[in-house]
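# Observations on chain architecture
Okay, here's what each chain looks like letter by letter:
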Amino acid sequence: YKREEIIMFYVKYVVVDCTVTEYFECNEKNGITNDFLLIPATSFNCKAGENIQTFPPYTAFFFPKGTPFYYSPCKESYRDYFIHFISDDNFLTEYMIPPAQPIYLQDPVRIYNLIDMIAYENILNSQNKNEILNNLMKTLFIKISESSTYNTILPHYDELLKLRHNIFNHPERKWTLESISKSLHMSPGYVHSLYKKAFKKNYMQDVIESRIQHSRHLLAYSNQPVNAIATACGYSNTEHFCRQFKETTGMSPLQYRKSKRLFN
């Protein structure tokens, strides 16, 4: 049985984390023959409407084929991600993001991870390459579409993104609102308000999620005792860890380990 595939995207080429140290101008007055998605990781100049403006990092622009565009770096060291592709018009209608308009990404780390995966799959010659690329591109557009409802960027957004990234990379740290606000040189109330506006949840919800995610991994893939796992995930009290783990997963840590056990 051969599954019939519907080609929604043809990915021509992908550039991941490209660093340019010389000034350049990309000025396509008549557009190009394919669709173009641009997401710089540093600040840049881009034409939105009639005027050239400076935009912060993690601002996406989508230029459908034939759409004029201009962009250039505004710093000596410029980094960007972009994809040249040909798309199914029906798909783009369904998951449309505003053409030639800035989209301030709410979750750039995951967006860049998706682009990295697309670049990797695009160079393979696997049996399911087209289906995998279709699904990845669809996910990418849906994620960008989620951010397209935001037409302004919050103050200190870059700092908040770095904070959130650190929370998920370091669940073992003692994250408190006081220590966070001190590191950001802001008041605790202001940090709490900005974080919730940016990510639709407060910082402690992300702290708990990061700790439970890490503890699940350790329970499934290691032989460490529960009290050591609690400490490794930022808990000073094992009972508190067990209670919070069960509230989140519906199982105790030992029950979870038994269900996911990989070691004899």
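Structure: above.
The next point concerns the nonpolar core. Counting residues in each nonpolar core, the largest one holds 26 residues, and the members touching the most others are I39, I83, I115, I118, M137, L140 and I144. Among the elements of the structure, β1 (9-20), β3 (35-40), β6 (59-63), β8 (78-87), α2 (108-122) and α3 (129-147) are those that each provide at least two residues to this core. Look past the residues within four positions of M137 in its chain and what remains in contact with it is F9, V11, I83, F85 and I118.

Further remarks concern the sheet that holds strand β2 (residues 26-28). Spatial ordering of the open sheet is given by β2-β7-β4-β5, a layout of four strands whose pairing is antiparallel. The sheet is open, and its two borders are formed by β2 and β5 (51-55), each paired with just one other strand. Neighbour-to-neighbour, the strand axes of this sheet turn through a mean angle of 20 degrees, independent of strand direction. Two strands pair when backbone bridges link them, and strand β4 (residues 44-48) and β5 are joined in this way by five bridges, in the antiparallel orientation. The partner of A48 across the bridge, within β5, is N51.

As a further point, take helix α10 (residues 253-260). Those residues of α10 that sit buried are P253, Y256 and R257. Buried residues in α10, looked at end-on, bunch into an arc of 100 degrees, giving them a common side. Exposed and oriented more than 90 degrees from the buried face of α10 are L254 and K258. Elements that come into contact with the buried residues of α10 comprise α7 (203-221), α8 (226-232) and α9 (238-249).

As a further point, take the layout of surface pockets. Size it by volume and the largest pocket reaches roughly 270 Å³. Contributing to the lining of the largest pocket are 15 residues, with V109, R110, R164, H165 and F168 lying nearest its centre. Listed by contribution, the elements that provide at least two residues to the lining of the largest pocket are α2, α4 (157-169) and α7. Considering every element that reaches the lining of the largest pocket, the biggest residue donor is α4, with five residues. Here the lining of the largest pocket is composed, by residue class, of five nonpolar, seven polar and three charged.

Moving on, we get to α2. Over its 15 residues, α2 extends 21 Å from the first C-alpha to the last, a length consistent with the 21 Å expected when each residue adds 1.5 Å. Restricting attention to buried positions, one finds in α2 the residues P108, I111, Y112, L114, I115, I118, A119, E121 and N122. Of the surrounding secondary structure, the elements contacted by the buried residues of α2 are β1, β3, β8, α3 and α4.

Moving on: the sheet that holds strand β9 (residues 103-104). Reading across from one edge, β1-β8-β3-β6-β9 is the order of the five strands in this open sheet, with antiparallel pairing throughout. Each of the sheet's edge strands pairs with one partner strand only, and the pair in question is β1 and β9. Judged from the six bridges that link them, β3 and β8 form a sheet pairing that is antiparallel. The residue of β8 that forms the bridge with D35 is F85. Here α2 sits on the sheet in contact with β1, β3 and β8, set at roughly 120 degrees to β1. The sheet strands contacting α3 are β1, β3, β6, β8 and β9, and the helix crosses β1 at an angle near 60 degrees.

Calculation notes
Residues numbered from 1 in each chain as written. Predicted model: local features only at pLDDT ≥ 70, side-chain atom pairs only at ≥ 80, totals over all residues. Heavy atoms only, no water. Core = buried A, V, L, I, M, F, W, Y, C linked by side-chain atoms within 4.5 Å. Buried < 20%, exposed > 50% of the residue type's maximum accessible area, 1.4 Å probe, protein only. Helix = DSSP H or I, 4+ residues; strand = E, 2+ residues; numbered from the N terminus. Contact = heavy atoms within 4.5 Å. Pairing = 2+ DSSP bridges. Axes fitted to C-alpha atoms, helices over the stretch in contact; angles between N-to-C directions. Arc of directions from axis to C-beta. 1 Å grid on protein atoms, 1.4 Å probe; cavity = no way out; pocket = protein on both sides within 12 Å on 5 of 7 lines; lining within 4 Å. Points joined across faces, edges and corners; volume = space filled by probe spheres on them. Nonpolar A, V, L, I, M, F, W, Y, C, P; charged D, E, K, R; others polar. Expected span 1.5 Å × (residues − 1).

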